[in-house]
Amino acid sequence: MPWKERAREMYFESGMRVGDIAVYLDVSRQAVSGYITSLPEYQTEREQRRQTGAAKRKEYKRRKNKEYRHQDSITSETLRKEHDMAALILSREKYC
């Protein structure tokens, strides 16, 4: 089977990326990319991959922001501890 047919199958059916296909088939990335972009079904596949990537990024950002919010919860207890530590440091600097 010629590399072009294999590249087409790997890109559209297996969902592999152009760089990975090039390494697997031992063909330059530019050759694989040029061939794939010349195919008529490329635009629809590209748009589908963009939408999938955008949805993954959105979910990742949502999850990370949720993690960050829970790490920095400031309460009266944390403020008191920070104040006490700062007072200890300042008094040590003043009297030492």
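Conventions we followed
Residues numbered from 1 in each chain as written. Predicted model: local features only at pLDDT ≥ 70, side-chain atom pairs only at ≥ 80, totals over all residues. Heavy atoms only, no water. Core = buried A, V, L, I, M, F, W, Y, C linked by side-chain atoms within 4.5 Å. Buried < 20%, exposed > 50% of the residue type's maximum accessible area, 1.4 Å probe, protein only. Helix = DSSP H or I, 4+ residues; strand = E, 2+ residues; numbered from the N terminus. Contact = heavy atoms within 4.5 Å. Phe/Tyr/Trp six-rings, centres within 6.5 Å; stacked < 30°, edge-to-face > 60°. Salt bridge = Lys/Arg side-chain N within 4 Å of Asp/Glu carboxyl O.

**Structural notes on the nonpolar core**
- Core analysis: the largest hydrophobic core is formed by 13 residues, its most contacted members being A7, Y11, I21, L25, V32, I36 and L39.
- Of all the secondary-structure elements, those providing two or more residues to this core are α1 (3–12), α2 (18–25) and α3 (29–38).
- Discounting residues that sit within four places of it in the chain, I21 has contacts with A7, M10, Y11, M16 and V32.

**Observations concerning unusual backbone geometry**
- Positive phi values are uncommon outside glycine, yet D26 reaches one of about 60°.
- Mapping D26 onto the fold places it in the loop between α2 and α3.
- Accessibility expressed as a relative area gives 70% for D26, which makes it exposed.

**Focus: the packing of aromatic side chains**
- Evaluation of the coordinates by the stated rule reveals three aromatic pairs.
- Ring geometry for W3 against Y35: centres 6.0 Å apart, planes inclined by 70°, an arrangement best described as edge-to-face. Separated by 32 residues along the polypeptide, W3 in helix α1 and Y35 in helix α3 bring together distant segments of the chain.
- Each residue in the set Y11, F12 and Y42 is aromatic and connected to the rest through ring pairs, giving one cluster.

**With respect to the pattern of salt bridges**
- Evaluated as defined, the whole model comprises seven salt bridges.
- For E41, the salt bridge is made with R8, and the minimal N-O distance between the two is 2.3 Å. Of this pair, E41 sits in the loop between α3 and α4 (42–71) while R8 sits in helix α1; the two residues are 33 residues apart in sequence, bridging distant segments of the chain.
- For the salt bridge of R62 with E59, the shortest nitrogen-to-oxygen distance reads 3.2 Å.

No statement about biological role is implied by the geometric values presented.
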